[in-house]
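Take a look at the letters that make up each chain.
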Amino acid sequence: QAEFGFNEHHQNEVINYMRFARSKRILRLKTIDSCFEELKDSRLVEDTFTVDEVREMLDGLQTVVRGEVEMELINTAHTNVLLLRQLFSQAEKFYLRLQSDISELENRELLEQVAEFEKTDYKTAHQFKKPLINQDMNKPKLAPLNESGVSELLNKEISRLQEENDKLKARLRSLESQAMSALDEKTRAERALKDLQKVQSEDTLPAKGQEISSLEDTVAALKEDYERCLSASAASQKDLQENLVSSKHQLLRVQEQLALAEKELEKKFQQTAAYRNMKEILTKKNEQIKELRKQLQRYEPNE
């Protein structure tokens, strides 16, 4: 093991990245140096300058150098993101969740060790007295990716998938129960609607119709008797007229009772769920028709 706290392969990866970063840094520094050289060659051609001229040259140089430094900082940040992306992608293949401590990025002691390591051109890392690792041993660390570690990860993933499968099964059973309850409720509603229609069509109305027919027959018979006995005597004619008026009153009362019964039956039918649903559907259709008429009037104005 090297002094960095990990194996030789990983230490070589760190060295390669530091060499890459150093080459990019040297290239950017050369660019900044060229900015100063360009200023010297293009502007510093006279012996004396005014304060405004010096300020103008410095402002221009500041803008150029600032742009170069900002570009390098942005590029470094994006490069680090790509490096992290590679590490995270490899870790996720083994269902690992890597963790980072941002505060350690400003650890002066560790930064000084990295700087010292870079100055030695990565050849004297064994001279460090302290390992370049996080000193907080309580923070979570990754288990080694050996054969047992992979088996443990696979077992954890199997357990997680099994738990998720059990949750999905429980949810499926709950949905099936709700579907069966809804189906039973629909069946009961349809049966109630059929019974109501049967009562309306077979019992109440035919019975009232027979009663009206019977009363009409009675009235017809009374009228026939009245006409037959009309010439008998004035007294008999008066009695027949009274009987006829009484029968008419009775007929009106029965018709009124029939009307009340029909209203009561209609009221009961309106209280059913089927009637409310049909009424709601008709109301929505009427609103749609009104909206379509309004749209038609907009697209086809009155002539």
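Cut-offs used in this document
- Residues numbered from 1 in each chain as written.
- Predicted model: local features only at pLDDT ≥ 70, side-chain atom pairs only at ≥ 80, totals over all residues.
- Heavy atoms only, no water.
- Patch = residues over 30% accessible without salt bridge, like charges linked within 9 Å, V, L, I, M, F, W, Y side chains within 5 Å.
- Areas by Shrake-Rupley, 256 points an atom, 1.4 Å probe, with all protein chains shown as cover.
- Salt bridge = Lys/Arg side-chain N within 4 Å of Asp/Glu carboxyl O.
- Lys, Arg positive; Asp, Glu negative; His and termini not counted.
- Charge placed at Lys NZ, Arg CZ, Asp CG, Glu CD.
- Helix = DSSP H or I, 4+ residues; strand = E, 2+ residues; numbered from the N terminus.
- Core = buried A, V, L, I, M, F, W, Y, C linked by side-chain atoms within 4.5 Å.
- Buried < 20%, exposed > 50% of the residue type's maximum accessible area, 1.4 Å probe, protein only.
- Axes fitted to C-alpha atoms, helices over the stretch in contact; angles between N-to-C directions.
- Parallel < 35°, antiparallel > 145°, perpendicular 65-115°, else oblique.
- Left-handed = near helix turned anticlockwise from the far one by under 90°.
- Contact = heavy atoms within 4.5 Å.
- Nonpolar A, V, L, I, M, F, W, Y, C, P; charged D, E, K, R; others polar.
- Phe/Tyr/Trp six-rings, centres within 6.5 Å; stacked < 30°, edge-to-face > 60°.
- Expected span 1.5 Å × (residues − 1).

Our focus in this paragraph is a positive patch on the surface. Together, Lys 290, Arg 293, Lys 294 and Arg 298 make up a positively charged patch on the protein surface. With respect to the helices and strands, the residue Lys 290 is situated in helix α6 (residues 273-299).

Nonpolar side chains tend toward joint burial in soluble globular proteins. Within the largest apolar cluster, 6 residues are counted, these being Ile 32, Cys 35, Leu 39, Met 57, Leu 61 and Val 65. Secondary-structure elements contributing two or more residues to this core are α1 (8-42) and α2 (51-92).

Another aspect to go through is unusual backbone geometry. For Tyr 95, which is not glycine, the phi torsion reads 60 degrees and is therefore positive. Here Tyr 95 shows up in the loop between α2 and α3 (108-119).

Our next topic: the packing of α1 against α2. Two quantities define a packed helix pair, namely the angle between the helix axes and the distance between the axes. Closest axis-to-axis distance for the α1/α2 pair is 10 Å, and the angle between their directions is 170 degrees. Put simply, α1 runs roughly antiparallel to α2. As for the relative orientation of α1 and α2, their crossing is right-handed in sense. Judged by residue contacts, Tyr 17, Phe 20, Lys 24, Arg 25, Arg 28, Thr 31, Ile 32, Cys 35, Phe 36 and Leu 39 of α1 engage Met 57, Leu 61, Val 64, Val 65, Glu 68, Val 69, Met 71, Glu 72, Asn 75, Thr 79, Asn 80 and Leu 83 from α2. By residue class, the composition of the contact of α1 with α2 is 13 nonpolar, 4 polar and 5 charged.

A few words on the packing of aromatic side chains. All chains considered together, the criterion is met by 1 aromatic pair. Here Tyr 17 and Phe 20 contribute two aromatic rings whose centre-to-centre distance is 6.3 Å and whose plane-to-plane angle is 40 degrees, an arrangement assigned as tilted. One end of the pair is Tyr 17 and the other is Phe 20, both in helix α1 and 3 residues apart, which spans about a single turn. Assessed through its relative accessible area of 26%, Tyr 17 is described here as partly exposed. Look at Phe 20 and you get partly exposed, because its relative accessible area is 38%.

Residue position: Glu 68 is located in helix α2. Those residues in contact with Glu 68, other than ones at most four positions away along the chain, are Arg 28, Thr 31, Ile 32 and Cys 35.

What follows is about a nonpolar patch on the surface. A contiguous nonpolar patch, built from Leu 83, Leu 84, Leu 87, Phe 88 and Leu 98 and spanning about 380 Å² of accessible area, is present on the exposed surface. Relative to the elements of secondary structure, Leu 98 occurs in the loop between α2 and α3. Relative accessible area serves as the criterion here: at 31%, Leu 98 is assigned to the partly exposed category.

Looking now at α1. End to end, α1 covers 51 Å across 35 residues, agreeing with the expected 51 Å (1.5 Å per residue, within 8%). Of all the residues in α1, the buried ones are Gln 11, Ile 15, Met 18, Arg 28, Ile 32, Cys 35 and Leu 39. Buried residues along α1 sit in contact with α2 and α3.

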